[in-house]
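A structural walkthrough
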Amino acid sequence: MEVGIVEVKLWLQKLNRKLQQEKEHLTDLDQAIGDGDHGLNMARGFKEVSIKIENTDYETIGALLKDTGMTLLTKVGGASGPLYGTAFLKAATSIGDKSSVTLTDLSEALEAALEGIKARGKANLLDKTMIDVWEPVILYMKENRESIDWDEVIRLSNEKMEATKELEARKGRAAYLGKRSIGHIDPGAASSNYFFVELADVLKGVIKE
Amino acid sequence: MEVGIVEVKLWLQKLNRKLQQEKEHLTDLDQAIGDGDHGLNMARGFKEVSIKIENTDYETIGALLKDTGMTLLTKVGGASGPLYGTAFLKAATSIGDKSSVTLTDLSEALEAALEGIKARGKANLLDKTMIDVWEPVILYMKENRESIDWDEVIRLSNEKMEATKELEARKGRAAYLGKRSIGHIDPGAASSNYFFVELADVLKGVIKE
Amino acid sequence: MKKLINDPEQVVQEMLSGFVAAHPQYVRQVQNTSVIVRVDAPVQGKVGLVSGGGSGHEPSHGGFVGKGMLDGAVAGEVFTSPTPDQVFEAIKAVDSGKGVLLIIKNYTGDVMNFEMAAELAESEGIKVAKVIVNDDVAVEDSTYTTGRRGIAGTVLVHKIAGAMAEKGASLEEVEQVANKVIQNVRSMGMALTPCTVPSAGKPGFSIGENEMEIGMGIHGEPGIERTEILTANEVAEILLSKVLEDLKLEESSKVAVMVNGLGSTPLMELYIMNNKVSQMLKGQNIEIYQTFVGEFMTSIEMAGCSISVLKLDDELIELLDAEANTPAFRK
Amino acid sequence: MKKLINDPEQVVQEMLSGFVAAHPQYVRQVQNTSVIVRVDAPVQGKVGLVSGGGSGHEPSHGGFVGKGMLDGAVAGEVFTSPTPDQVFEAIKAVDSGKGVLLIIKNYTGDVMNFEMAAELAESEGIKVAKVIVNDDVAVEDSTYTTGRRGIAGTVLVHKIAGAMAEKGASLEEVEQVANKVIQNVRSMGMALTPCTVPSAGKPGFSIGENEMEIGMGIHGEPGIERTEILTANEVAEILLSKVLEDLKLEESSKVAVMVNGLGSTPLMELYIMNNKVSQMLKGQNIEIYQTFVGEFMTSIEMAGCSISVLKLDDELIELLDAEANTPAFRK
Ligand SMILES: Nc1ncnc2c1ncn2[C@@H]1O[C@H](COP(=O)(O)OP(=O)(O)O)[C@@H](O)[C@H]1O
Ligand SMILES: Nc1ncnc2c1ncn2[C@@H]1O[C@H](COP(=O)(O)OP(=O)(O)O)[C@@H](O)[C@H]1O
Ligand SMILES: [Mg+2]
Ligand SMILES: [Mg+2]
Ligand SMILES: [Mg+2]
Ligand SMILES: [Mg+2]
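Residues numbered from 1 in each chain as written. Chains lettered and ligands numbered in written order. Predicted model: local features only at pLDDT ≥ 70, side-chain atom pairs only at ≥ 80, totals over all residues. Heavy atoms only, no water.

This part takes up the site of ligand 2. In the vicinity of ligand 2, 20 residues are found, and the nearest of them are Asp35, Asp37, Ser80, Asp186 and Gly188 of chain B. Chains contributing residues near ligand 2 are chains B and C. Side-chain polar atom of aspartate 30 of chain B to an oxygen atom of ligand 2: 3.1 Å apart, as the coordinates give it. Within the contact set of ligand 2, an oxygen atom lies 2.9 Å away from a backbone nitrogen or oxygen of glycine 188 of chain B. Contact with the protein chains removes 97% of the 560 Å² of surface that ligand 2 exposes when unbound. Looking at the shell around ligand 2, the elements that each hand over two or more residues are helix 3 (38-54), helix 5 (80-95) and helix 9 (187-208) of chain B. Counting residues per element, the shell around ligand 2 draws most heavily on helix 9 of chain B, at three residues. Broken down by class, the residue content of the shell around ligand 2 amounts to six nonpolar, nine polar and five charged. (Near = heavy atom within 4 Å. Polar contact = N/O pair within 3.5 Å; in protein donor to acceptor, adjacent residues only side chain to side chain. Areas by Shrake-Rupley, 256 points an atom, 1.4 Å probe, with all protein chains shown as cover. Helix = DSSP H or I, 4+ residues; strand = E, 2+ residues; numbered from the N terminus. Nonpolar A, V, L, I, M, F, W, Y, C, P; charged D, E, K, R; others polar.)

Before going further, it helps to examine the arrangement of the chains. Between all three pairs of chains that are in contact, chains C and D come out with the most contacts. The two units chain A and chain B never meet; even their closest C-alpha atoms stay 38 Å apart. Nothing in chain B touches chain D, and the closest approach of their C-alpha atoms is 18 Å. (Contact = heavy atoms within 4.5 Å.)

If you rotate chain D by 180° and push it 0.0 Å along the axis, it lands on chain C with an RMSD of 0.0 Å. Such a combination of turn and shift is consistent with a two-fold rotation axis. Judged by C-alpha distance, serine 264 of chain D is the residue of chain D that lies nearest the rotation axis, at 1.9 Å. The fraction of interface residues of chain D whose copies in chain C are also interface residues reaches 100%, indicating that both copies meet through the same surface. (Least-squares fit on C-alpha atoms with pLDDT ≥ 70 in both.)

What follows covers the coordination of the magnesium ion (ligand 5). Within the protein, Asp35 of chain B (OD), Asp37 of chain B (OD) and Phe79 of chain C (O) serve as the donor atoms for the magnesium ion (ligand 5), at 2.1 to 2.7 Å. Between the magnesium ion (ligand 5) and the magnesium ion (ligand 4), a separation of 3.5 Å is found, and both are coordinated by aspartate 35 of chain B. (Donors = N, O, S within 2.8 Å, 3.2 Å for Na, K, Ca; no water.)

Within the UniProt annotation, "domain: DhaL" (unreviewed entry) is assigned to residues 6-201 of chain A. Along residues 6-201 of chain A one finds 70% helix and 1% strand; the C-alpha atoms at either end are 14 Å apart. (UniProt positions renumbered as here; feature names shortened; annotations may be inferred.)

A few words now on the pairing of strand 2 (residues 35-38) of chain D. Residue and element names in this part refer to chain D. Both strand 1 (residues 27-29) and strand 2 contribute to a ladder of three bridges, which runs antiparallel. Bridged to glutamine 29 within strand 2 is isoleucine 36. In this antiparallel pair of consecutive strands, strand 1 and strand 2, the connection spans five residues, and asparagine 32 shows a positive phi of 60°. Across three bridges, the pairing between strand 2 and strand 4 (residues 72-78) is antiparallel. Of the residues in strand 4, the one forming a bridge with valine 37 is glycine 72. (Pairing = 2+ DSSP bridges.)

Moving on, we get to helix 5 of chain B. Residue and element names in this part refer to chain B. Helix length check: helix 5 (16 residues) gives 22 Å between terminal C-alpha atoms against 22 Å at 1.5 Å per residue, within 8%. Of all 16 residues in helix 5, 12 are buried, a share of seventy percent or more. Taken together, the buried positions of helix 5 are occupied by Ser80, Gly81, Pro82, Leu83, Tyr84, Gly85, Thr86, Ala87, Phe88, Ala91, Ala92 and Ile95. One or two positions beyond helix 5, positive phi appears at glycine 96, with a value near 65°. (Expected span 1.5 Å × (residues − 1). Buried < 20%, exposed > 50% of the residue type's maximum accessible area, 1.4 Å probe, protein only.)

Spelled out as structure tokens, the structure:
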């Protein structure tokens, strides 16, 4: 199976809708252990992404993801702006001028995105950040390449997001709380969960076709 | 009958106790149509008066009233400080170095005090100020000199204080409210009522003896 | 009551001590008084300027003591005008023989206490003049009543009269220019929340969650109207229109503008207000010569603001531009 | 939410417009950006200084743009660090060829966005250096974590690095002195009430009627401890002790002190705090060279304050004393 520009756009639009819906939920999570803007930041950024890509015809997935990354980079700010921005830019470079991709391409692009997040944010697994969702999900995809079970991705992503609850934050704003960060889901892990759940949701459909 | 230093001191101490008790009530009245400090101002000033006169032996009523006036003048501030301060200073001058006074002396001293208040504050009857209690009470005392009915003084003082409720303020801070000042008792009229009620209360006792 | 204080009865003295400790290069406290004077007072050959009033309006008035503005400031209890003896101490401490101008805000208490101090000073042979600031157009001006209140426009009187005095002008000249500012400055304020006098321990009035008070006085005296919450643009329009209506400016007049915060309104919001104010003035072809945005005349921790407009002429511009060096105002 | 605003989404742009309208003699806005620069930027022969961060900390950072302090300030959304393209615009607008120093507060978002901007600038041949301010001793300093936050001490970095740049120093020299300030300044804050980000519409956290938060961050990040309401003296003692513990001053050290209000704490209370702070320092034989009391780094309308202490040497004293002329800071 191949994933085309239509599917990637669909994913980004669905992700945008989800983030608009969950804006307050993400903000509540960030109020508990951060500064209460993660929902606002993500909603602001993806609203711009949605407008941008809706009104542009793309010939390559690389161009589509690059626009997404640049929009996030220039509209979000905070910690999540450079991280999600970098992720999409790295994925864009990885995919380049293909107009459709295999699951292997996609998985490699997401690996590149994760590398970008880690290089930019210098956080590691179990620091209670978005990486705690990204890394296990991408490991699963890498290890299962052409036989990815998208329901398993959803399950895993959810599980890893929930698991951030028990962690003590060492990076990002929540780190100032030390032990008091325990007991709360990391907001970036929550938005990353939407990222993967919406992706899985779209690709499940593609595969069925 | 004659009124001596002991009685004047007693009056001032009783007035102080009353003002301490009614501090919050006066402040509430001032919050409604002023800036909410009349109770604080009067309580602060008379507390100082009380300490001052308690620890001083006076040979003349003039000296006692002068200390009272100077203490109020230097400790109260606001509108009520200069007004009550001036009142006591004028009364002191009127009585001079007598160590006991007749009711005529007293009534003349209070007349002088009222003149002082009016000269200083440039307010008139029905401007909704303390004058609305002072002027009618002093008129009654003047007209009845040696046969003053102290219960009538109390009744009149109370009535005139209550009557300020219906007036529109033209002087003092309440004047900024215009018509909205109607419906509230003037705080300075209320403290003046205590002034006359406590005086009457002490002098009723003297007369009975 | 959530306040960073120790004892409600001691707030004024502790504030003054902390103030003098912070700014010893500018000010000193006259011993055993609540009077702040220039560190070099009395300044020889210069008319002395004394202002003051109840505390709770910080940085007014002590914050404006220094070169080019006030020589002395008298601090009363919170929201209560200072007593005549304190004002008299200030007069004595700043008089260099050239006389002293008292800058009084038009409140019965302030006027009476300052007047009594002036009488005391005159009886000791000190020349004293006084001016009464009444810039608040929220209150009707009438000779039958107390008249208009003095609010944030007072700071511009300090600035300009202070500059005049610094030039070596006579008491009459300083008084004259102070009166000129008073005749040409108008202000109006509004509040979103009340404030709490420390020794009262509870808010001075209440405003509903969805209400604001237009025309609020700086001691929480009620204003003209209680309205629902309006936008910054609507508020700016109401306040500025009323100010301009009273000021009757000709086209291409030059003005100074002050957008003053009452205590807890963030600078961000004051600048949003100024955005509309400056647009409106430009729209009416009025030249904004200078704008001041910040906290100048506060009401403890009240949320809200006031807008002042001063009509300028060449003399006022020169004096407005003159050097001033005080803890809260520098030029 | 009681605020003088029009539209929560527009607060930053409207604030910037109102700010530039108020201070055209100092600043201009780079078109289509949220960047404020000196009106004469780029200043030839001078290293450019750029600071910034989320909005809501006014007068930080635009208020410190002007002679002797910053050349440019970048305003992000409220409490959200600005994006790399905006920081890059500021760098371009202030670079005169001598290079640009970025003054960054140690928040993950600020660090990453400013770093990306630096990379963009370097790829266009602009020399960029950066310093990271981390003065908040409420947070433990550890290399395994994000480390300490940057708070009000940042303003002293602006002042001193700005003075160094104004002298014509090289980028390396300016960077060096900025780092010297960072190594010698420590701060700690506390809050009595929360604050509300306009677009969130509700307070960022809650504090009980009888509670305060010690060690509060300037975005409402929780602090060290939630306590009952303490007196000003007790609060000053807690904050200053922790600051001094970390700073390890020798006897008769000279220091600069900043008592900073977070938005709705009246100046009166800040001076009451300073009263205790100055007494404590004097008691420990530490010389207070200069004290700043006021609002420098706020948290919208939070009630509370922070205390900063900067250890001085002769070089820092000279730079602290140098002229500065900006909307919010003048010397
Ligand atoms: N160094 C980092 N590496 C990876 N993710 C991070 C890092 N720092 C923060 N994050 C993520 O960013 C999220 C917060 O984003 P957001 O609230 O938008 O930014 P800010 O913290 O600047 O307000 C955190 O929940 C966390 O998942
Ligand atoms: N011009 C005046 N003449 C007489 N009494 C006055 C005048 N102005 C005010 N008062 C009285 O003073 C009272 C207010 O006193 P107070 O609250 O202590 O002072 P302030 O108004 O300065 O806060 C008023 O209720 C009124 O009775
Ligand atoms: Mg956040
Ligand atoms: Mg009163
Ligand atoms: Mg009063
Ligand atoms: Mg943020």
